[in-house]
Amino acid sequence: MLLIEELKVEVGDKEILQNVNLHVPPGETHILFGPNGSGKTSLMMTIMGFSGYRITRGKITFKGEDVTHMPLHERARLGIGVLFQRPPTINGLTTRRMVELCAGDRCVDVDQLSSHLQFDNFLERDVNHNLSGGEIKRSEMLQLMAQEPDMVLLDEPESGVDLESIALLGESINTVLNRGIKRNPSCQKGIISEKPKSALVITHTGHILDYITADRGQVLYKGQLRCSRNAREILKWIHEYGYEECVGCTV
Amino acid sequence: MHSVNDKTIVNLSDFNSRAEKNEYAYIDSLEAMEKTDADEFVKVGIETDASLRAGTFIQKDNAVVHCSNSSDGTDVMGIAGALEAFPWLESHVWKLLSPEKDDMTREAAQSPLQGFFIRSHKDVKIEKPLQTCLHIAQDKFSQKVHNIVIAEENSEVHIIAGCSTSPHLTTGLHIGVSEFYVKKGATLKYTMIHDWGENVFVRPRTAVHVEEGGVFISNYISLKPVGSLESNPVTYLEKNATATMNSILVAGEGAHMDVGSVVELNGEGARAEIISRAIVAGGTIISRGHLKGNVHGVKGHLECKGLILKDGLLHAIPELSGAVPGVEMSHEAAVGKIDRREIEYLMARGLTEDDAVSTIVRGFLNVDIEGLPEELAQKMDQAVKDTEQDMM
Ligand SMILES: Nc1ncnc2c1ncn2[C@@H]1O[C@H](COP(=O)(O)OP(=O)(O)O)[C@@H](O)[C@H]1O
Ligand SMILES: [Mg+2]
């Protein structure tokens with residue numbers, strides 16, 4: 001689904017990513033660990049095509065298409081969706097309207113989607129205006145549900161979210177990915193019959209792993225992905241030994 | 001590149017006060033109006049379905065072509081007729097404004113009285129809005145009106161005031177003197193929608209007096225080209241009176257707008273809010289606002305936000321003056337461009353760059369104008385969409 005080869009990225013005149021190689025096959029959820037400032041967000045922004053992230057080497061392929069220099073909105077239309085950690089406020093644009101925009105030509109029942117996320121009370125509010133950490137994440141998930149991307153990039157979905165809403169959030173991630181066990185049994189058949197979607201989930205704390213199922217984990221350290229193995233295992237290593245030691249075992 | 005030269009000066013001899021075609025046929029019913037007229041009026045908020053309005057006043061050049069009133073408890077008349085009918089009204093003319101204020105007021109004071117008189121009677125709450133339209137149809141015409149609005153004690157009224165010109169005009173002048181009286185506990189909402197034309201000079205001179213506990217809400221919307229507009233209404237607030245002044249301005253190439261509000265807070269508990277959104281797309285906007293706290297226990301906020309989409313000039317002049325301790329006033333002014341992060345956020349949801357920019361511009365102009373009738377709100381929304389298409 002997503003293939004990144006020898007990616008080198010500069011922000012300003014600083015090299016953030018040196019040589020990133022990553023493959024997320026269709027239907028798999030990969031977890032991206034890494035200390036603060038290691039470049040996780042930068043990698044995600046580069047995959048999506050945001051300005052300010054200059055690719056100096058390497059290639060990004062999505063669904064077999066070279067998207068390395070493709071405009072941002074075309075990548076979105078091709079099926080990449082992002083959950084932002086700190087999205088901007090857009091004054092005068094209601095979240096309801098935003099969700100409709102995310103759906104493009106498709107029809108969405110915004111009220112129904114938002115009731116699943118307990119977001120009803122915020123629909124008429126300007127996008128991201130005065131929202132708490134958890135509300136921002138739910139707003140982002142709501143937009144992704146309407147957008148229906150084939151691959152989602154989630155940037156620290158658990159950050160700033162209290163324990164109660166993290167389960168809700170995890171459930172909505174599973175819905176978007178067609179994974180997990182749903183509380184509503186009528187949808188069960190749909191989930192089994194539909195192929196799961198791909199995901200790259202950035203996490204610093206690893207808390208989100210209690211709610212979603214991960215196929216693999218990677219650690220971004222000093223501009224490179226240092227290891228690739230079971231995500232929970234990596235998390236244990238990091239807890240036990242810290243990042244430095246953990247990446248020391250790199251093969 | 002941009003000079004503030006001729007645009008600010010009105011040369012009265014360039015305009016003609018006499019209507020050449022004196023007679024415009026009186027319009028008996030709004031539904032039966034000629035399409036050419038209706039199109040001109042509708043774009044500035046005039047509703048041709050009379051059942052949606054409590055009353056209507058339409059003046060074309062210097063002729064009153066329609067005046068009707070379907071609600072009890074209101075007066076809707078030409079000002080000349082009103083002065084004949086109500087001798088007491090004389091004392092309300094040139095009371096809040098001095099004819100000696102400037103050349104424009106002097107010119108208006110010397111001209112025959114035209115314009116409208118609207119009054120909501122004591123304790124009457126008028127549910128549907130009233131509407132007025134002042135239209136210039138004759139080339140180089142100088143339209144001079146003197147409007148008086150009185151909201152009597154504890155009454156409530158919303159007036160939608162449209163102004164427009166015919167498309168063929170090379171130039172024109174509108175001098176509009178307005179004196180509004182909001183009596184004790186009354187609410188006057190005044191929504192102006194203007195579509196003047198490229199070389200038209202517009203000089204409103206407005207003063208508003210709001211008595212104890214009264215509420216004055218002014219919405220000023222000018223999205224279409226205007227040659228030169230200079231408007232700086234003054235509102236005087238007594239004890240516990242409030243004023244909200246919203247303006248939404250767009251200046252395309254060639255437009256010169258000098259628009260602001262002055263609010264004098266003269267009684268304890270008075271509150272005022274001045275909010276403006278200005279978009280410069282090649283033209284000039286001078287966006288003013290002045291809150292004067294003259295007694296203690298008053299509060300005011302001024303918010304002036306501007307976006308520059310195409311080279312021009314956006315000059316925000318927010319002013320606060322306090323004369324005594326115990327006044328609480330603040331202002332917030334921002335002039336800038338659209339944040340790249342916002343554009344890309346929308347693009348990440350699949351919008352093209354152009355669509356992202358227009359969505360943001362529309363949001364910027366989307367000041368919640370409370371109490372705008374649904375059909376008009378939709379019309380404004382469409383106008384904003386059109387505007388933003390014209391600008392890109
Ligand atoms: N727009 C930017 N301008 C300059 N430096 C940046 C910018 N964005 C990120 N950086 C720097 O790049 C590095 C990686 O940041 P980031 O990708 O946010 O890391 P992470 O998400 O792993 O915490 C940090 O040193 C950060 O300061
Ligand atoms: Mg980050």
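Rules used in this analysis
- Residues numbered from 1 in each chain as written.
- Chains lettered and ligands numbered in written order.
- Predicted model: local features only at pLDDT ≥ 70, side-chain atom pairs only at ≥ 80, totals over all residues.
- Heavy atoms only, no water.
- Core = buried A, V, L, I, M, F, W, Y, C linked by side-chain atoms within 4.5 Å.
- Buried < 20%, exposed > 50% of the residue type's maximum accessible area, 1.4 Å probe, protein only.
- Domains from an automatic or database assignment.
- Pairing = 2+ DSSP bridges.
- Helix = DSSP H or I, 4+ residues; strand = E, 2+ residues; numbered from the N terminus.
- Axes fitted to C-alpha atoms, helices over the stretch in contact; angles between N-to-C directions.
- Contact = heavy atoms within 4.5 Å.
- Buried area = accessible area lost by both parts, 1.4 Å probe.
- Salt bridge = Lys/Arg side-chain N within 4 Å of Asp/Glu carboxyl O.
- Polar contact = N/O pair within 3.5 Å; in protein donor to acceptor, adjacent residues only side chain to side chain.
- Nonpolar A, V, L, I, M, F, W, Y, C, P; charged D, E, K, R; others polar.
- Near = heavy atom within 4 Å.
- Areas by Shrake-Rupley, 256 points an atom, 1.4 Å probe, with all protein chains shown as cover.
- UniProt positions renumbered as here; feature names shortened; annotations may be inferred.

## Focus on the nonpolar core
In globular proteins that are soluble, nonpolar side chains generally tend to be buried together.
In step 1: By size, the foremost hydrophobic cluster in this structure holds 79 residues, and its most contacted members are A:Leu2, A:Ile4 and A:Leu7.
In step 2: Mapped onto the domain boundaries, this core takes at least three residues apiece from domain 1 (12-338) and domain 2 (339-392) of chain B.
In step 3: Grouped together as the second largest cluster of nonpolar side chains are 57 residues, B:Ala54, B:Leu188, B:Ala243 and B:Val298 included.

## Concerning the sheet that holds strand β14 (residues 242-252) of chain B
Residue and element names in this part refer to chain B.
In step 1: Strand order in the open sheet formed by 10 strands is β2-β1-β5-β7-β9-β11-β14-β17-β19-β21, and the pairing between neighbours is mixed. For this open sheet the edge positions go to β2 (63-69) and β21 (327-336), each flanked by a neighbour on one side alone. Within the sheet, the average angular offset between the axes of one strand and its neighbour, ignoring direction, is 5 degrees.
In step 2: Of the strand pairs in this sheet, strand β11 (residues 215-222) and β14 are connected by eight bridges, and their pairing is parallel. Within β14, the position partnered with Tyr 220 by the bridge is Ser 247.
In step 3: The strands touched by helix α1 (residues 35-42) are β1 (55-60), β5 (130-136) and β7 (156-165); relative to β5, the strand with the most contacts, the crossing angle is about 115 degrees.
In step 4: In the packing of helix α5 (residues 353-365) onto the sheet, the strands contacted are β14, β17 (271-281) and β19 (298-310), and the crossing angle to β17 comes to about 150 degrees.

## Considering the interface of chain A and chain B
In step 1: Every contact between the two is made by 27 residues of chain A and, on the other side, 17 residues of chain B.
In step 2: Roughly 1,800 Å² is buried in total at the junction of chain A and chain B, and carbon and sulfur atoms are behind 59% of that figure.
In step 3: It is A:His73, A:Pro88 and A:Ile90 in chain A that bury the most area against chain B; as a group they hold 26% of the surface buried on that side.
In step 4: At the boundary of chain A with chain B, the tally comes to one salt bridge.
In step 5: A:Glu140 serves as the salt-bridge partner of B:Arg349, at 2.7 Å between the closest nitrogen and oxygen.
In step 6: Seen at the junction of chain A and chain B, the total is nine residue pairs in polar contact (both at pLDDT 80 or more).
In step 7: Going through the elements one at a time, α2 (72-78), β6 (80-83), β7 (90-94), α3 (95-103) and α5 (133-147) of chain A are the ones with two or more residues in the side of chain A that touches chain B.
In step 8: Class assignment for the residues of the side of chain A that touches chain B results in 16 nonpolar, eight polar and three charged.

## Overview of α3(A)
In step 1: A:Thr95, A:Met98, A:Val99, A:Leu101, A:Cys102 and A:Ala103 are the residues of α3(A) that are buried.
In step 2: Turning to α3(A), the residues buried within the fold contact β7, α4 (110-116), β8 (126-127) and α5 of chain A together with α4 (340-347) and α5 of chain B.
In step 3: Immediately downstream of α3(A), the backbone of A:Gly104 shows phi near 60 degrees, a positive value.

## So, the site of ligand 1
Residue and element names in this part refer to chain A.
In step 1: Taken together, Val 11, Lys 14, Ile 16, Pro 35, Asn 36, Gly 37, Ser 38, Gly 39, Lys 40, Thr 41 and Ser 42 make up the full set of residues near ligand 1.
In step 2: A distance of 2.7 Å is found between an oxygen atom of ligand 1 and a backbone nitrogen or oxygen belonging to Gly 37.
In step 3: Between ligand 1 and Ser 42, the relevant distance is 2.5 Å, taken from an oxygen atom to a side-chain nitrogen or oxygen of the residue.
In step 4: Summarising the interface, the protein chains cover 59% of the accessible area of ligand 1, which totals 550 Å² for the free molecule.
In step 5: Of all elements in the fold, only β2 (14-24) and α1 (40-48) reach the threshold of two or more residues within the shell around ligand 1.
In step 6: Sort the elements by how many residues they give to the shell around ligand 1 and α1 lands first, with three residues.
In step 7: Residue composition of the shell around ligand 1, grouped by class: three nonpolar, six polar and two charged.

## Some points on the domain arrangement of chain B
All names here are of chain B.
In step 1: What the domain assignment reports for chain B is domain 1 (12-338) and domain 2 (339-392).
In step 2: Each of domain 1 and domain 2 has a C-alpha centre, and the two are 25 Å apart.
In step 3: With 30 residues of domain 1 at the contact, the number on the domain 2 side is 25 residues.
In step 4: Summing both sides of the interface, domain 1 and domain 2 together bury roughly 2,200 Å²; the carbon and sulfur share of this comes to 74%.
In step 5: Inspection of the domain 1/domain 2 interface yields zero salt bridges.
In step 6: The interface formed by domain 1 and domain 2 includes three residue pairs in polar contact (both at pLDDT 80 or more).

## Here we look at the UniProt feature "domain: SUF system FeS cluster assembly SufBD core" (unreviewed entry) in chain B
In step 1: Taking the numbering used here, the UniProt-annotated feature "domain: SUF system FeS cluster assembly SufBD core" (unreviewed entry) corresponds to residues 139-364 of chain B.
In step 2: In this annotation, residues 139-364 of chain B is assigned 9% helix and 64% strand; the end-to-end C-alpha distance for the span is 35 Å.

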